[in-house]
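Chain and residue survey
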Amino acid sequence: MSSRALRLTCLGIGLLGALGVTAAAQQLPFDLVIDPEVRGLLALEDLGDGIKAREPETVQGALGVLDANWAELSPKTAGKALKGVGKLFSRFKPRDEYLADGTTDLDGIQHCYRMAIGLVFDKDGGDKVLRNALKVPHIKTWPEVQANLLEGLGHRRDPEQLDFFADYLDHDEAPVMVAAAGALSRLSEADVSVRREAAEAVHEAFDKLRQRAEKAARKAKDDEETPAGTAFARIEYPFNDALRALTRQRFESVEDWGRWLSAEGRRDGW
């Protein structure tokens with residue numbers, strides 16, 4: 001038996017003994033006897049060890065245990081778990097160099113991040129953890145992870161985050177802009193005043209990106225593809241989709257959306 005397995009078994013049996021559980025019950029499989037709070041504390045140890053040793057598999061296992069036992073964790077342990085996830089984002093970053101076999105650890109680390117987002121996005125205080133992660137230097141240069149974080153925050157459907165998401169609608173990277181628009185679209189069941197503000201923010205960014213693409217196209221030679229044009233093509237459908245969700249209307253062009261918002265946007269009942 002490994003030292004870790006022995007430690008876990010002793011903890012589980014020790015708890016049973018303290019509760020006066022019979023010797024027969026103490027022989028049950030470990031998974032049936034260990035206390036969820038103890039599971040959580042041990043998972044936090046594993047999380048810290050995995051981060052320090054740069055072991056994505058250990059981190060992923062710890063996050064899975066925390067997820068399975070969160071509902072029965074004490075507030076103190078849950079708070080420690082939120083701090084642990086914050087450290088995951090700030091300290092567990094990809095290596096600058098390729099590994100010995102010519103691969104990178106990007107995929108493994110991003111998977112850890114996605115699991116962490118899934119763990120905390122709906123928890124009290126989880127929104128702060130995810131917003132802080134967006135400020136971490138290496139994540140600020142990693143658009144796929146930025147998009148994952150915005151998607152997680154969007155699932156909270158919190159109108160208080162509207163301005164926060166709007167700030168990402170005009171970003172350097174299309175995946176981030178798309179995620180921000182998607183997050184705002186999740187306010188589709190909010191009061192009309194909230195939906196109006198979100199729709200206006202999406203349309204304003206939509207129009208700015210259209211103008212940028214058209215300006216670049218005029219300067220391009222022989223219908224040459226431009227970065228601005230490519231970015232607009234990538235956000236066009238998601239932005240349209242967000243506007244449809246928020247307004248319950250169906251238009252295709254930036255101009256049509258602008259005309260509708262000017263004529264009807266200030267009215268209630270939509």
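Residues numbered from 1 in each chain as written. Predicted model: local features only at pLDDT ≥ 70, side-chain atom pairs only at ≥ 80, totals over all residues. Heavy atoms only, no water.

**Some words on the overall build of the chain**
When helices and strands are counted, the chain shows 14 helices and zero strands. Starting at the N terminus and walking to the C terminus, you meet the elements of the chain as α-α-α-α-α-α-α-α-α-α-α-α-α-α. When the 270 residues of the chain are sorted by exposure, 44% land in the buried category. Contacts spanning at least 24 positions in sequence make up 63% of the contacts within the chain whose residues lie at least 6 apart. Within the structure as shown, the chain displays about 14,800 Å² of accessible surface, and the carbon and sulfur contribution to it stands at 50%. (Helix = DSSP H or I, 4+ residues; strand = E, 2+ residues; numbered from the N terminus. Buried < 20%, exposed > 50% of the residue type's maximum accessible area, 1.4 Å probe, protein only. Contact = heavy atoms within 4.5 Å. Areas by Shrake-Rupley, 256 points an atom, 1.4 Å probe, with all protein chains shown as cover.)

**Overview of the packing of helix 12 (residues 192–219) against helix 13 (residues 227–247)**
Packing of helix 12 against helix 13 brings their axes to within 9 Å, and their N-to-C directions diverge by 160°. Taken together, the axis directions place helix 12 and helix 13 in an arrangement best described as roughly antiparallel. As helix 12 runs across helix 13, the sense of the crossing is left-handed. Judged by residue contacts, Arg195, Ala198, Ala199, Val202, His203, Ala205, Phe206, Leu209, Arg210, Arg212, Ala213 and Ala216 of helix 12 engage Ala228, Gly229, Phe232, Ile235, Glu236, Phe239, Asn240, Leu243, Leu246 and Thr247 from helix 13. The residue makeup of the contact of helix 12 with helix 13, split by class, is 14 nonpolar, four polar and four charged. (Axes fitted to C-alpha atoms, helices over the stretch in contact; angles between N-to-C directions. Parallel < 35°, antiparallel > 145°, perpendicular 65-115°, else oblique. Left-handed = near helix turned anticlockwise from the far one by under 90°. Nonpolar A, V, L, I, M, F, W, Y, C, P; charged D, E, K, R; others polar.)

**Examining the confidence of the model for the chain**
The predicted structure's coordinates, where accompanied by low pLDDT, should not be read in detail. The share of residues in the chain with pLDDT of 70 or more is 85%, and the mean pLDDT across the chain is 88. This model gives residues 1–30 a pLDDT under 50, and the stretch forms 25 contacts once residues within four places in sequence are excluded. (pLDDT = per-residue confidence, 0-100.)

**Considering the nonpolar core**
Phe89, Leu149, Leu169 and Phe239 are the most contacted members of the largest nonpolar core, which has 71 residues in total. In terms of residues, this core owes the most to one element, helix 12, which gives ten residues. Residues contacting Phe239, with those up to four places away along its chain left out, are Leu169, Met177, Val178, Ala181, Val202, Ala205, Phe206 and Leu209. (Core = buried A, V, L, I, M, F, W, Y, C linked by side-chain atoms within 4.5 Å.)

**Quick notes on the packing of helix 11 (residues 174–185) against helix 13**
Running from amino to carboxyl end, helix 11 crosses helix 13 at an angle of 10°, the nearest separation of the two axes being 8 Å. As the angle between them shows, helix 11 and helix 13 are arranged roughly parallel. Across the interface between the two elements, Ala174, Pro175, Met177, Val178, Ala181, Leu184 and Ser185 from helix 11 touch Arg234, Ile235, Pro238, Phe239, Ala242, Ala245 and Leu246 from helix 13. In terms of residue class, the contact of helix 11 with helix 13 is made up of twelve nonpolar, one polar and one charged.

**As for helix 9 (residues 143–154)**
End to end, helix 9 covers 16 Å across twelve residues, agreeing with the expected 16 Å (1.5 Å per residue, within 8%). Among the twelve residues that make up helix 9, ten are buried, leaving the element largely enclosed by the rest of the structure. Taken together, the buried positions of helix 9 are occupied by Pro143, Val145, Gln146, Ala147, Asn148, Leu149, Leu150, Gly152, Leu153 and Gly154. Buried residues belonging to helix 9 abut helix 5 (75–91), helix 6 (106–120), helix 7 (126–133), helix 8 (137–140), helix 10 (162–166) and helix 11. (Expected span 1.5 Å × (residues − 1).)

**With respect to the side chain of Arg244**
Residue position: Arg244 is located in helix 13. Those residues in contact with Arg244, other than ones at most four positions away along the chain, are Tyr237, Gln249, Arg250, Phe251, Glu252 and Trp257.

**Points about the environment of Asp127**
Of note, Asp127 is situated in helix 7. Relative accessible area serves as the criterion here: at 14%, Asp127 is assigned to the buried category. For Asp127, the residues in contact, after removing those within four places along its chain, are Leu153, Arg156 and Gln161.

**Here we look at the pattern of salt bridges**
Per the counting criterion, the structure on display carries 15 salt bridges. The salt bridge involving Asp268 is made with Arg196; its shortest N-O contact spans 3.0 Å. Of this pair, Asp268 sits in the segment after helix 14 (254–264) while Arg196 sits in helix 12, and the two are 72 residues apart along the sequence. By relative accessible area, Asp268 is classed as exposed at 60%. Arg259 is the partner of Asp256 in a salt bridge, and the nearest nitrogen-oxygen pair spans 2.4 Å. Placement of both Asp256 and Arg259 in helix 14 is noted, with a separation of three residues, approximately one turn of the helix. Its relative accessible area of 28% is what places Asp256 among the partly exposed residues. (Salt bridge = Lys/Arg side-chain N within 4 Å of Asp/Glu carboxyl O.)

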